[in-house]
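# Close look at the chain arrangement
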Amino acid sequence: MRGCCASANRRTASREPTGRTNLFAVRLPAGLRNATFLVAGGSGRLRLEARYQAVPDDGIADVQSDGAVLRLRKPRPGLYYIRASGLGAYSGKSLHAMF
């Protein structure tokens, strides 16, 4: 791992209803082999979607995952938007960006 998230890239969701989305922005440096976004803690499930320099929209994302981990392989340097959507009610989740 070359670096890890700053506190600004971590957010904890309190009790959220089904379908609720949270949006995050992460700026990735040049020269990365991988970037990993990890959901930890709490209860419930989230769908993660990432898109380069644009907000993910329903079905329009560079990469997506219905699990706790989303990986970008050889990401371009610049701004990525990460959208976390509830696949049911969830609470206490935090998102971590590792690169």
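Here is what the cut-offs are and how they apply
Residues numbered from 1 in each chain as written. Predicted model: local features only at pLDDT ≥ 70, side-chain atom pairs only at ≥ 80, totals over all residues. Heavy atoms only, no water. Helix = DSSP H or I, 4+ residues; strand = E, 2+ residues; numbered from the N terminus. Buried < 20%, exposed > 50% of the residue type's maximum accessible area, 1.4 Å probe, protein only. Contact = heavy atoms within 4.5 Å. Areas by Shrake-Rupley, 256 points an atom, 1.4 Å probe, with all protein chains shown as cover. pLDDT = per-residue confidence, 0-100. Salt bridge = Lys/Arg side-chain N within 4 Å of Asp/Glu carboxyl O. Pairing = 2+ DSSP bridges. Core = buried A, V, L, I, M, F, W, Y, C linked by side-chain atoms within 4.5 Å. Axes fitted to C-alpha atoms, helices over the stretch in contact; angles between N-to-C directions.

On to the overall build of the protein, then. Broken down by element type, the protein carries zero helices and eight strands. Secondary structure elements of the protein, listed N to C terminal, follow the sequence β-β-β-β-β-β-β-β. Expressed as a percentage of its 99 residues, the buried residues of the protein come to 40%. Look at the contacts in the protein between residues 6 or more apart in sequence, and 78% of them connect residues 24 or more apart. Surface summary for the protein: the accessible area is close to 5600 Å², and the carbon and sulfur share equals 47%.

Looking now at the confidence of the model for the protein. Overall, the prediction assigns the protein a mean pLDDT of 82, with 81% of residues at 70 or greater. Element-level mean pLDDT values for the protein span from 46 in strand E1 (residues 12-13) up to 95 in strand E6 (residues 69-73). Note on residues 1-15: pLDDT is under 50 here. Beyond four places in sequence and across chains, it has 38 contacts.

It is worth spelling out the pattern of salt bridges at this point. Counted by the stated rule, this structure contains three salt bridges. Ionic pairing is found between Arg 83 and Asp 58, a salt bridge with its closest N-O pair at 2.9 Å. Pair noted here: Arg 83 is in strand E7 (residues 78-86) and Asp 58 is in the loop between strand E4 (46-52) and strand E5 (63-65), with a separation of 25 residues, a long-range link. Overlapping salt bridges bring together Glu 49, Asp 58 and Arg 83 as one network.

Along the chain, Thr 36 falls in strand E3 (residues 34-40). Judged by relative accessible area, Thr 36 falls into the buried class, the value being 17%. Setting aside residues up to four positions removed in sequence, Thr 36 forms contacts with Val 69, Leu 70, Arg 71, His 96, Ala 97 and Met 98.

Turning next to the pairing of E3. The pairing of E3 with E6 spans five bridges and is classified as antiparallel. Residue pairing across strands places Phe 37 opposite Leu 70, the latter belonging to E6. Inspection of the sheet shows E3 paired to strand E8 (residues 93-98) by five bridges, in the antiparallel sense. Bridging across to E8, Ala 40 finds its partner in Ser 94.

This part takes up the nonpolar core. In terms of nonpolar packing, the biggest core is built from 20 residues, with Leu 28, Phe 37, Leu 72, Ile 82, Leu 95 and Phe 99 touching the most fellow members. Mapped onto this core, the elements with two or more residues apiece are strand E2 (21-28), E3, E4, E6, E7 and E8. By residue number, the principal contributor to this core is E4, which donates four residues.

Moving on to the sheet that holds E7. Here four strands make up an open sheet; going across it, the order is E2-E7-E4-E5 and the pairing antiparallel. Here the strands that pair on one side only, and so sit at the sheet edges, are E2 and E5. Across this sheet, the average inter-strand angle for adjacent strands is 15 degrees, counted without regard to direction. In terms of strand pairing, E4 meets E5 through three bridges, oriented antiparallel. Across the sheet, residue Ala 50 finds its bridge partner in E5, namely Val 63.

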